[in-house]
Amino acid sequence: MQEFDYDVVYIGSGHGTFDGAIPLAAKGKRVAIVEAEKVGGTCPNWGCNAKILLDAPVALQQTLRASDGIISGSGEIDWAKNRAHKQAAIDGIPDALQAGMEGAGIQMYFGHGRLVDAHTVSVDNKKITAENIVISTGLRPHQLEVPGQDLTHDSKEFMDLDHMPKHLVVVGGGYIGVEFATMANAAGSEVTLLLHSGKALARFNQTYVEQMLSDLEARGVNIVRNQEVEKFVENGTQIEVVLSEDTFTADWVLDATGRVANVENLGLEDLQIQASAQGIEVNEYLQTTVPSIYASGDVIDKRQPKLTPTAQFESKYLMHRFAGESDAAIDYPVIATNVFTTPRIAQAGVTIAEAKEAPEQYTIQEKDLSGDWYRAVDYEKDPKLTLIFNQKQQLVGATEISERAEDTINALLPAIEFGYTPDQLERLVYIFPAIAFDAIGNL
Ligand SMILES: Cc1cc2nc3c(=O)[nH]c(=O)nc-3n(C[C@H](O)[C@H](O)[C@H](O)COP(=O)(O)OP(=O)(O)OC[C@H]3O[C@@H](n4cnc5c(N)ncnc54)[C@H](O)[C@@H]3O)c2cc1C
Ligand SMILES: NC(=O)c1ccc[n+]([C@@H]2O[C@H](COP(=O)([O-])OP(=O)(O)OC[C@H]3O[C@@H](n4cnc5c(N)ncnc54)[C@H](O)[C@@H]3O)[C@@H](O)[C@H]2O)c1
């Protein structure tokens, strides 16, 4: 049998890799990771962790304002201090992760990884071999292809800004567009948010999305719908954002028009592995058309949301497969997701749109939570929850808009994933008073 340097080599060191690679190495497998940039990838350095640290004072400001004078003070955010706090909190993560990886026995290689053949990866001029290879190279920001595109910035650059620009134009109404527009508005920017299709957050309940957008508008965000960007023009220190009908002047432009898969320069074509901007095609074992080459995390072309917990689930699935513990196909669980705006919108399981399309299978219960005493604890003004049940009266989906939506949906997730019966729900004795208790009490 052919001898390889390693059992598994991963290209990329984000959640699609390390959540599975570290326990795999701890089980005695010979593992190597190739990383071109920062250990840990997007989530800790330029994604979730960085974003939630910047968002914390934004959420506090919202609570303060909603408290109607119970808590006093202006709630003004010092962005330079906010950014410095974020950086100090995450600066140590790459080294800590690397120490965890090396401590488990993983060999790290720094440089650009590229497939040479079914069992070989080159890292710059060095070649390493492995029985299996995992491509876990993630996504990068998409850039609008219009004149003046180089005048725009991405989410990574936004999170490193020392002060918020006076006039900010955000192009795109996905997660990043609405979350970053919310943060900039709270920090004092005059924000214009461009929704070219007229809608934001297409995969979420549009009634809740419109409620969140009107809240943003009431706080001063200018929402422009159904116009395309034609070009960006430099005008001294400012940028003219020329749309189909209007022109806006900005100090800074955030291009939040999506993210595309890192599939170039990997040697995929030579091995005839199918890939596009949506990602790498894999089968139900996360295998590409070359059986020894797998993909994990955001770089997979999939219908599941491209989130950290999804990447984590995939890397753990591969860990069990490589450790010889399971040869089953991947069986994705319900994946919960949250938009970190104020208010938040969170959802898990069957969506309202899906339930409306199959009324013979589902019943929908819409709940206005504004009269719920617990919501007064958070000074909530207009919280709403929609629950979706199957014909056996089991909870199969939930969507909430509120300042604590992520906590409600997290609390309901086990009931959705495992299909708890009323008897089982009765056995869940949650802490009272707390949001999880309140969430289960709604069932
Ligand atoms: C602004 C922002 C906010 C987000 N917020 C959230 C959130 O709140 N919650 C949530 O669940 N998800 C969030 N996400 C998504 C989350 O960050 C990703 O789902 C997650 O990081 C995916 O992990 P991954 O390992 O697949 O990819 P990544 O973390 O992107 O890792 C890929 C790694 O591969 C490396 N690489 C690429 N090509 C090569 C090569 N050829 N050779 C060597 N190395 C290479 C890259 O340098 C990178 O380190 C956010 C993303 C962004 C951008
Ligand atoms: N809270 C979270 O979990 C969170 C937060 C941020 C990012 N993420 C992840 O990061 C990834 C990327 O997020 P994103 O917001 O960049 O992408 P997205 O795909 O969610 O949104 C892109 C937006 O850009 C718009 N758009 C596309 N082309 C456009 C054009 N020519 N002009 C104007 N608008 C245009 C789309 O209509 C869409 O609203 C997603 O995978 C997401 O899962 C998750």
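Residues numbered from 1 in each chain as written. Chains lettered and ligands numbered in written order. Predicted model: local features only at pLDDT ≥ 70, side-chain atom pairs only at ≥ 80, totals over all residues.

**Quick word on the domain arrangement of the protein chain**
Here the protein chain is described as being made up of domain 1 (6-140 + 260-322), domain 2 (149-257) and domain 3 (343-441). Between the C-alpha centres of domain 2 and domain 3 there is a distance of 31 Å. If you look at the interface, domain 2 gives 7 residues, while domain 3 gives 10 residues. Looking at the side of domain 2 that touches domain 3 residue by residue, the classes come out as 4 nonpolar, 2 polar and 1 charged. (Domains from an automatic or database assignment. Contact = placed C-beta atoms within 7 Å. Nonpolar A, V, L, I, M, F, W, Y, C, P; charged D, E, K, R; others polar.)

**Here's the deal with the sheet that holds strand E12 (residues 238-243)**
Pairing is antiparallel in the open sheet, where 3 strands are placed in the order E11-E12-E13. One side of each edge strand has no neighbouring strand; the edge strands of this open sheet are strand E11 (229-235) and strand E13 (247-250). Each adjacent strand pair in this sheet contributes to an overall mean axis angle of 20 degrees, direction not counted. Sheet topology note: the E12/E13 ladder contains 4 bridges and is antiparallel. Across the sheet, residue Val-241 finds its bridge partner in E13, namely Phe-248. (Pairing = 2+ DSSP bridges. Helix = DSSP H or I, 4+ residues; strand = E, 2+ residues; numbered from the N terminus. Axes fitted to C-alpha atoms, helices over the stretch in contact; angles between N-to-C directions.)

**Notes on the UniProt feature "binding site: NAD(+)" (unreviewed entry) in the protein chain**
Using the residue numbers shown here, the UniProt feature "binding site: NAD(+)" (unreviewed entry) corresponds to Gly-172, Gly-173, Gly-174, Tyr-175, Ile-176, Gly-177, Val-178, Glu-179 and Gly-258. Annotated residues spanning 87 residues; largest pairwise C-alpha distance 13.2 Å, indicating a single compact cluster. Along the chain, Tyr-175 falls in helix H7 (residues 175-186). According to the C-beta neighbour criterion, Tyr-175 is buried, with 25 such atoms within 10 Å. In this structure, Glu-179 sits in helix H7. Among residues more than four places away in sequence, those in contact with Glu-179 are Lys-51, Val-339, Phe-340 and Thr-341. (UniProt positions renumbered as here; feature names shortened; annotations may be inferred. Buried ≥ 20, exposed ≤ 12 C-beta atoms within 10 Å, placed from the backbone.)

**Points about the sheet that holds strand E8 (residues 167-171)**
Read from one edge to the other, the open sheet built from 4 strands follows the order E10-E9-E8-E14, with strand pairing classed as parallel. Both outer strands of the open sheet, strand E10 (222-225) and strand E14 (252-255), are each paired with one neighbouring strand and no more. Adjacent strand axes in the sheet meet at a mean angle of 20 degrees, parallel and antiparallel pairs treated alike. In terms of strand pairing, strand E9 (residues 190-195) meets E10 through 4 bridges, oriented parallel. The residue of E10 that forms the bridge with Leu-195 is Arg-225. Against the sheet, H7 engages E8, E9 and E14, with an angle of about 165 degrees to E9.

**A look at the site of ligand 1**
Taken together, 35 residues surround ligand 1, and among them Gly-12, Gly-14, Gly-41, Gly-138 and Gly-297 come closest. For the shell around ligand 1, the secondary structure elements donating two or more residues are helix H1 (15-26), strand E2 (31-35), helix H2 (42-46), helix H3 (48-66) and helix H9 (308-322). Here the residues of the shell around ligand 1 sort into 12 nonpolar, 18 polar and 5 charged. (Near = placed C-beta within 6 Å.)

**Some details on the pairing of E14**
On any regular strand, side chains alternate: one points to one face of the sheet, the next to the other face. Here E14 shows two buried faces, one formed by Trp-252 and Leu-254 and the other by Val-253 and Asp-255. Two elements, E8 and E14, share 4 bridges in a ladder whose sense is parallel. Bridged to Val-170 within E14 is Leu-254.

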